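# Tertiary structure, described
The chain contents come next:
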Amino acid sequence: MKRPSLTLLSGLLSGLTLLASPSAGDDGHWALVDSAHSHLLDEAVATGTRRSASERSIPASVCTIGSATLDAYQRPSILPTLSEEVPGLFVTQRGVMGYGVSTGAAGGISVRGLNSGSGQVLVLIDGQPQYQGIFGHSIADRYQTLMAERVEVVRGPASMLYGSNAMGGVVNIITHQNPGDGVRTRLRAGGGMHGTFMAEASNRVRKGDFFSIVAAQYSRSDNHRENMDFQQYGGLAKLGLDLGTHWTVTTQLNLTHFGADNPGTVSSPLLEAHQEITRGAASLMVENRYDRSSGRVSVYDNFGRHKINDGYGPNYNANKPQDRLFRSRDALAGVSFYENVELFSGNHTTFGFDYQHIYGHAWYTSRSTGEEVPGGLAALDRSVNEYAGYVDFGQDIVDWLTVDGGVRYDHHSVMGGEWVPQAGLVIRPFDAAEFKGTAAKGFRNPTPKDLYLYKAANTELDPERMWNFEAAWRHKIAKGHFVYGLNFYHLRASNIIQTVNGSNQNTGSVRNTGLEVDATALMGEHWRLTTNHSWVLHMKQPMLYTPRYKGYLGLGLDYEHWAANIGVQRVSKLYKATGPKAPTETFTLLSASLTYKPLDYLQVWAKGENLLAQRYEILSGLPMPRATMMAGVTFDF
């Protein structure tokens, strides 16, 4: 056994992560200062509040990942970068490419022990919820790098603003903007080991008051195991018009279709386990911006179609091929309205209203005839409605003190009403530092699956509830070239839905106390260093896919025509299961990328993941690939 001092030193060093964010800017130079964390730039954020505001003025802990950082490692998905860059956040993976759904799926986003796979962490695109109507969780394969200008992550409850599913936190993917006149086009393609290939194309136009963004993506991989093929098509179309100085109308369509195979675990392999998933989201938004008020009304419709063959194997389905397929379609349609007003000097008040119609239909079809098979444990045709109103009131008491408080009333057609309060303060003892303190409630309503689907269904469930208490300190020194932050939190969750004796019950509880540390430094014109660490200091019981320690150290270099990135991530005591003797995993991952720009419009790149060739697994029985490499080209014009 290692001595405690050496164990701590090992965790501090190998758990650091190198993140580099050099990416080509519009002027042809590398944009090193487009950092993973907006703290260096003092950028305004919108996710921790319903208005554009400096992080220094809001109590919420918000981490912003810019497009240059998301592009640095040439990854099609934003999720691996979030797992590195955001302390307290971890994403499950299972292969080179593709997360999939159903049994054996990955892509669960865990924030401080609460998981998007259970609907406890909310994913948004441009502020609109993206979870499924039946199962109530996000679809990880939808969240592509090519669509994102930046990602804002709120750690801790945001249910006061966003309602159910924002119990543990929020990941808001903000799509590309096009503020200046002109046409910008990007083409990117690359390939690598295990039959992996990716291709992307995007075009952004701004002409006067009109703007548009059109993007398309294709990717595929055989992955590193037999029967683990993945293939995906995706696209985004966004059209907008400025109506004078104060109003903007935007419409958006986002579509993804993928097919994914589940090979099963090493000890219990599966055959014919295949999923065909189509997910889409359409929206219309009208925004206003005045000197003392701003707001938005949006109408949206998220829809999905799913066809799943659960496969067969030596320990599943009596080792016989499935004679029927699980089918489902669902929708999440809604209206969201909010308006920010300045009632008097130093005030910011937000009034908002949300309405959602959640629908799900699940059934089986005969594999041979395609006809619906009546009855069965998966029979479901239900809808629920949810509406809510909220108010958030913030006031600058003096130059160095801001207080904020809000409350939401949320009414669910099955669960009834829920009050959701939140309060916080920000103290700025001097210009370059702030202290934040918050107390916030989060909640999650049971999904149609929990209430109606399968044998475990129980219509007598109550919402899951949580309180989070947090204190945070952030300080910039050396004229903003170095910034560090510390977050200490304690959360208590109850009524967690678990399956007990074949029935869904409100029996689970969570008690987590943790510490999160991050720092970023710009070293001259060419180097950038970033690191973050998170420790779960106390955990009442093992939480699935929650590491006791996660750290990252990242270094980025740009010099003339070259850009290089290298990162090291350490994950210690990651729980792969729950229970008194829950198995854990500890591993260290090295990633790197190198980009050469011989011409203003051309980049040639290569990247590697798990370059230490670690043997590890995140999902029990599903080993991750050893070292993998890809290379490609990018054209910008």
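This structure is a prediction, so every number in the text was calculated from the model and none was measured.

### Some thoughts on the packing of aromatic side chains
- In the structure shown here, the tally under the stated rule is 13 aromatic pairs.
- A ring pair is formed by tryptophan 247 and tyrosine 290, whose centres lie 6.4 Å apart and whose planes are at 80 degrees; its orientation type is edge-to-face. Placement of tryptophan 247 in strand 15 (residues 247-261) and of tyrosine 290 in the loop between strand 16 (274-289) and strand 17 (293-309) is noted, with a sequence separation of 43 residues between them.
- Relative accessible area serves as the criterion here: at 39%, tyrosine 290 is assigned to the partly exposed category.
- Between tyrosine 409 and tryptophan 419, the ring centres sit 4.8 Å apart and the planes meet at 55 degrees, which makes this aromatic pair tilted. Placement of tyrosine 409 in strand 22 (residues 401-412) and of tryptophan 419 in strand 23 (residues 416-430) is noted, with a sequence separation of 10 residues between them.

### A word on a nonpolar patch on the surface
- A contiguous nonpolar surface patch, about 560 Å² in accessible area, is contributed by Leu284, Val297, Val299, Val335, Phe337, Phe353 and Tyr387.
- Secondary-structure elements contributing two or more residues to the nonpolar patch are strand 17 and strand 18 (324-341).
- Mapped onto the fold, tyrosine 387 is located in strand 21 (residues 380-398).
- A relative accessible area of 39% places tyrosine 387 in the partly exposed class.

### Remarks on the sheet that holds strand 8 (residues 128-129)
- Strand order in the open sheet formed by five strands is 3-9-10-7-8, with mixed pairing between adjacent strands. Each of the sheet's edge strands pairs with one partner strand only, and the pair in question is strand 3 (62-66) and strand 8.

### Considering the confidence of the model for the protein chain
- The predicted model of the protein chain has a mean per-residue pLDDT of 89, with 93% of residues at 70 or higher.
- Every residue in residues 1-39 is under pLDDT 50, and counting partners more than four places away or in other chains gives 150 contacts.

### Some thoughts on the sheet that holds strand 6 (residues 114-115)
- Spatially, three strands are ordered 4-5-6 in an open sheet, and the strand pairing comes out antiparallel. With one partner strand each, in any of the chains shown, strand 4 (89-91) and strand 6 form the two edges of the open sheet.
- Note: strand 4 against strand 5 (residues 109-111), three bridges, orientation antiparallel. Each bridged residue has a counterpart across the sheet, and for valine 91 the counterpart in strand 5 is isoleucine 109.

Thresholds applied
- Residues numbered from 1 in each chain as written.
- Predicted model: local features only at pLDDT ≥ 70, side-chain atom pairs only at ≥ 80, totals over all residues.
- Heavy atoms only, no water.
- Phe/Tyr/Trp six-rings, centres within 6.5 Å; stacked < 30°, edge-to-face > 60°.
- Helix = DSSP H or I, 4+ residues; strand = E, 2+ residues; numbered from the N terminus.
- Buried < 20%, exposed > 50% of the residue type's maximum accessible area, 1.4 Å probe, protein only.
- Patch = residues over 30% accessible without salt bridge, like charges linked within 9 Å, V, L, I, M, F, W, Y side chains within 5 Å.
- Areas by Shrake-Rupley, 256 points an atom, 1.4 Å probe, with all protein chains shown as cover.
- Salt bridge = Lys/Arg side-chain N within 4 Å of Asp/Glu carboxyl O.
- Pairing = 2+ DSSP bridges.
- pLDDT = per-residue confidence, 0-100.
- Contact = heavy atoms within 4.5 Å.

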